[in-house]
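For reference, the chains in residue letters:
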Amino acid sequence: MHVAVPKEIKNNENRVALTPAGAKELVKMGHSVFVQQAAGEGSGFSDETYQAAGAEILPTIESIYEIGEMILKVKEPIDQEYHLVREDQLLFTYFHFASNEPLTQAMVQSKAVCMAYETVEKPDKSLPLLVPMSEVAGRMAVQKGANYLEKPLGGRGILLGGVPGTLPAKVLILGGGIVGTQAAWMAAGLGADVIIMDVSLPRMRYLSDVMPKNVKTMMSNEYNIRNLIPSTDLIIGAVLVPGAKAPHLITRDMLQYMLPGTVLVDVAVDQGGCIETCQPTTHEKPTYTIDGVLHYCVANMPGAVPYTSTLALTNATLPYVLELADNGWEHSCIRFPELKSGLNIIKGDVVYQAVAETFDLPYVPVSYYTNHH
Ligand SMILES: NC(=O)c1ccc[n+]([C@@H]2O[C@H](COP(=O)([O-])OP(=O)(O)OC[C@H]3O[C@@H](n4cnc5c(N)ncnc54)[C@H](O)[C@@H]3O)[C@@H](O)[C@H]2O)c1
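Notes on the structure in this doc start here. Keep in mind the model is a prediction, meaning the values are calculated, not measured.

Things to note about the packing of helix H6 (residues 131-148) against helix H7 (residues 178-189)
The description of two helices packed together rests on the angle between their axes and the distance between the axes. Close contact between H6 and H7 brings their axes to 7 Å; oriented N to C, the two are set at 35°. Relative to H7, H6 is oriented so that their crossing is right-handed. Residue-level contacts link Val131, Ser134, Glu135, Gly138, Arg139 and Val142 of H6 to Ile178, Val179, Gln182, Ala183, Met186 and Ala187 of H7. When the residues that make up the contact of H6 with H7 are grouped by side-chain class, the tally is 7 nonpolar, 3 polar and 2 charged.

What follows is the structure, given as structure tokens:
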């Protein structure tokens, strides 16, 4: 199969959908790999490293879409790419269709096959192609929080781990899922006093089994949150209620009870945020202060560490890419049922119910396409 990788052109997107290591695996299996010039540059992979792995470098995005039977991307195509997408071409990337009507319409019209990373879902409901980015964001949340707690950056001026003879900083993590767990490991490793709040008792039992001594768990409710905030230095928002906006666990009025220079990192900002005063920010201007409390609410945190993010993402996508290249999407969906849930649009039909409902488009069950194989 011809597998083609365009350079991402969305603003500030430095990740790339395939590494030289991935290109080598595809070539070894007899596939042809085409990579747009400088596609890997932002993640630290030169054209030469792709060539050495057996890929061919093409100069333009047009030539990539022209030759590719499968287009591998990170972010959804943007409007100047819409007309390049061809009938029957397989696109494997993050799409987030439900929040983008023009994209949905354009992909319906293209008659391409759109498989979305974010809806690839295993029978146990886990999302294998979202997990790596949550891991990156969770670990980064503590790195950012520790940094912004420094006085010159607006923080309280407390060192996360303290030093002998001083108390360490107190970190409160709201939500003990993927993001919260990774954040807890990092904060605990730096020596902070960490509390994870969640509403799931089984999850907290698991966390209290595996976490080090300086991490405690506590039921998430307003009473407990109000009790803790006057003595907390860093609060990390990591709540997710699937399919819904995040609940506001930290409300506007709570800010007045926090210590001046407290830092709030709301990782859940992409789902509306679990801190009421949180507004999405960018890597260019990541923070703002309200009532002396510093807010960091960057919606695409993994974008700041493209080297790690690209490797983390492609570690998760590559097995599926190899399968799709070898067997085509119809057969791959039988061998890996989670790929079936990744299908959103097939040859002009919306096959993902939530997307069809959001835009009032006709819905065709995916089984219409996959059952006769
Ligand atoms: N900003 C970014 O760059 C970025 C990157 C990756 C993920 N995210 C976001 O981070 C959020 C968390 O993702 P995740 O992968 O950890 O999700 P997850 O499903 O693994 O974990 C969410 C946790 O929140 C808990 N929860 C639900 N309601 C709660 C409540 N009221 N109080 C406390 N806990 C509650 C759940 O029990 C679960 O353990 C999501 O909104 C995700 O989209 C943001």
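That was the structure; now back to the text.
Let's talk about helix H10 (residues 306-335)
The end-to-end C-alpha distance of H10, which contains 30 residues, comes to just 31 Å, noticeably less than the 44 Å that a straight helix rising 1.5 Å per residue would cover. At Gly328, H10 shows its largest bend, some 115°.

A few points about the site of the ligand
In the vicinity of the ligand lie 26 residues, with Val179, Asp198, Ser220, Asp270 and Met301 positioned nearest. Here an oxygen atom of the ligand and a backbone polar atom of Gly177 are 3.4 Å apart. At 2.9 Å, a backbone N or O of Ile178 approaches an oxygen atom of the ligand. Among the elements that make up the shell around the ligand, the one with the highest residue count is H6 (3 residues). Of the residues in the shell around the ligand, the class split is 17 nonpolar, 7 polar and 2 charged.

Quick notes on the pairing of strand E2 (residues 32-36)
Of all 5 residues making up E2, 4 are buried, and the element is well covered by its neighbours. As paired strands, strand E1 (residues 2-5) and E2 are joined by 4 bridges and run parallel to one another. What sits directly across from Ala4, in E2, is Phe34. Of the crossover connections in this fold, the one passing from E1 over helix H1 (residues 20-28) to the parallel E2 is right-handed. Pairing geometry for E2 and strand E3 (residues 56-58), over 3 bridges, is parallel. Pairing of Phe34 across the sheet is with Glu56, part of E3. Note that the unit made of E2, helix H2 (residues 47-52) and E3 has a crossover that is right-handed.

Reading the values: the criteria
- Residues numbered from 1 in each chain as written.
- Predicted model: local features only at pLDDT ≥ 70, side-chain atom pairs only at ≥ 80, totals over all residues.
- Heavy atoms only, no water.
- Axes fitted to C-alpha atoms, helices over the stretch in contact; angles between N-to-C directions.
- Helix = DSSP H or I, 4+ residues; strand = E, 2+ residues; numbered from the N terminus.
- Left-handed = near helix turned anticlockwise from the far one by under 90°.
- Contact = heavy atoms within 4.5 Å.
- Nonpolar A, V, L, I, M, F, W, Y, C, P; charged D, E, K, R; others polar.
- Expected span 1.5 Å × (residues − 1).
- Bend = angle between axes of the 7 residues up to and from the residue.
- Near = heavy atom within 4 Å.
- Polar contact = N/O pair within 3.5 Å; in protein donor to acceptor, adjacent residues only side chain to side chain.
- Buried < 20%, exposed > 50% of the residue type's maximum accessible area, 1.4 Å probe, protein only.
- Pairing = 2+ DSSP bridges.
- Right-handed = clockwise from strand over helix to strand, strands pointing away.

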